[in-house]
Amino acid sequence: MLQALNLPKKVYFKTGCTPVALRELSEVYHCQRALLVTDPELYRAGIAAPVADLLRKQEIRVAEFFTVGKRVSFADLCGALPKLNEFQPDVIVGVGGNNAMSAAKTLLALYQEPGLDLAAAAAEPGRIPACTKAKLVLIATNFSSGAQNSPFAVLKNDSGQFCSLKSIHLLPEISVTDADFTATLTAEQARTCALEILSHAARAYLDPRCTEFTDGMLTEAIAAVLNDTRYAVRGCPFARERLHNAAALAGASYGNIVDAVTPHLPYFPTEQEESINDNDLRCAGLAERLGYDGCRALFAACRSL
């Protein structure tokens, strides 16, 4: 079976890196019109405003779309199409968490092919087109799914059920992991995000399809969660940067391993996972690499977060 490591074309990661990353849009790509995609809470809180300001300072015209629900739906995306087609952006910039970035990814595909059947594309990823009309930039504002580096878009279909699109064509031209955006996260949000990173990363590592090209990134992500979550919850900037980078590593990895993602999965490990993995060689190897005396000690550390 053909193996490939598919990643965004450019990955920026450092606190304060957003202005440098966005400067490329004018200096390298010569963009003139940007559609900024975010969610209502981030828009009202002004989290996305600095991104719009940076774009306008480069004389890039900006239109904004933030009419999305708690989970972006087919109907939300259809509502964006008139603005998308009228404005004709040459770059789509998604700012937010998994929801906003899923919206930005899907709008990129719909911009290229307005008649794309999203339900059919979820079942047949080959339907998702490569976009030649616009670039995609994704800026993560929390550390949970690492969606800025993954090929997934998680949506709610017309029946209200979750579905996921997966395609290398949904990977961005530029992904940005800037921990400045994590400063406003509450302690509970920081803990929830950390548990989501751990759940994605650990399950991807234990998947038989994990390779030597992804297990190093996943190990680093898991180690960061286990070592730094308690400090990130207390607001430590260094710890939050570590977890933001951990989510980016997890997203870059699991997108090359699993075929679909499901929101609201139970946190790792479940009782069933403990019974299955207690004597698993990969689990034992992971525990050893992380400095734990066997799978049970690793599971106990995960549960203690």
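Here the structure is a predicted model, which means the values were calculated and not measured.

Each value, and the rule that gives it
- Residues numbered from 1 in each chain as written.
- Predicted model: local features only at pLDDT ≥ 70, side-chain atom pairs only at ≥ 80, totals over all residues.
- Heavy atoms only, no water.
- Helix = DSSP H or I, 4+ residues; strand = E, 2+ residues; numbered from the N terminus.
- Buried < 20%, exposed > 50% of the residue type's maximum accessible area, 1.4 Å probe, protein only.
- Expected span 1.5 Å × (residues − 1).
- Contact = heavy atoms within 4.5 Å.
- Core = buried A, V, L, I, M, F, W, Y, C linked by side-chain atoms within 4.5 Å.
- Patch = residues over 30% accessible without salt bridge, like charges linked within 9 Å, V, L, I, M, F, W, Y side chains within 5 Å.
- Areas by Shrake-Rupley, 256 points an atom, 1.4 Å probe, with all protein chains shown as cover.
- Salt bridge = Lys/Arg side-chain N within 4 Å of Asp/Glu carboxyl O.
- Arc of directions from axis to C-beta.
- Polar contact = N/O pair within 3.5 Å; in protein donor to acceptor, adjacent residues only side chain to side chain.

**Side note on the environment of N279**
- Along the chain, the position of N279 falls in the loop between α10 (271-277) and α11 (281-290).
- Overall, N279 belongs to the exposed group, its relative accessible area being 72%.
- Between the alpha carbons of N279 and P151 there is a distance of 32 Å; along the sequence they are 128 residues apart.

**Structural notes on helix α9 (residues 237-254)**
- Along its 18 residues, α9 runs 26 Å from first to last C-alpha, staying within 8% of the 26 Å computed at 1.5 Å per residue.
- All buried positions along α9 are accounted for by A239, R240, L243, H244, A246, A247, A248, A250, G251, A252, S253 and Y254.
- Tucked inside the fold, the buried residues of α9 contact β5 (135-140), β6 (152-156), β8 (174-177), α7 (187-206) and α8 (215-233).

**Regarding the nonpolar core**
- Judged by nonpolar contacts, the single largest core of 44 residues is most densely connected at F143, I197, I222, L226 and L243.
- Going through the elements one at a time, β6, α7, α8, α9, α11 and α12 (295-303) are the ones with two or more residues in this core.
- A total of 11 residues in this core trace back to one element, the largest contributor, which is α7.
- Those residues within four positions of I197 in sequence are excluded, and the remaining contacts are F143, S144, V225, L243, A246, A247 and A250.
- Ranked by size, the runner-up nonpolar core spans 36 residues in total, among them A104, L118, C131 and L138.

**Details of a nonpolar patch on the surface**
- Among the surface-exposed residues, L5, L7 and F213 lie close enough to one another that they form a single nonpolar patch of about 290 Å² accessible area.
- Mapping L5 onto the fold places it in the segment before β1 (10-13).

**Some details on α11**
- Every buried residue of α11 is listed here: C283, L286, A287 and L290. On an axial view of α11, the arc spanned by its buried residues comes to 100°, and they lie on one face. Pointing more than 90 degrees away from the buried face of α11 are the exposed residues L281 and E288.
- For α11, the side-chain oxygen to backbone nitrogen distance between the N-cap and R282 is 2.9 Å, and the N-cap itself is D280.
- Positive backbone phi, at 90°, marks G291, one or two positions downstream of α11.

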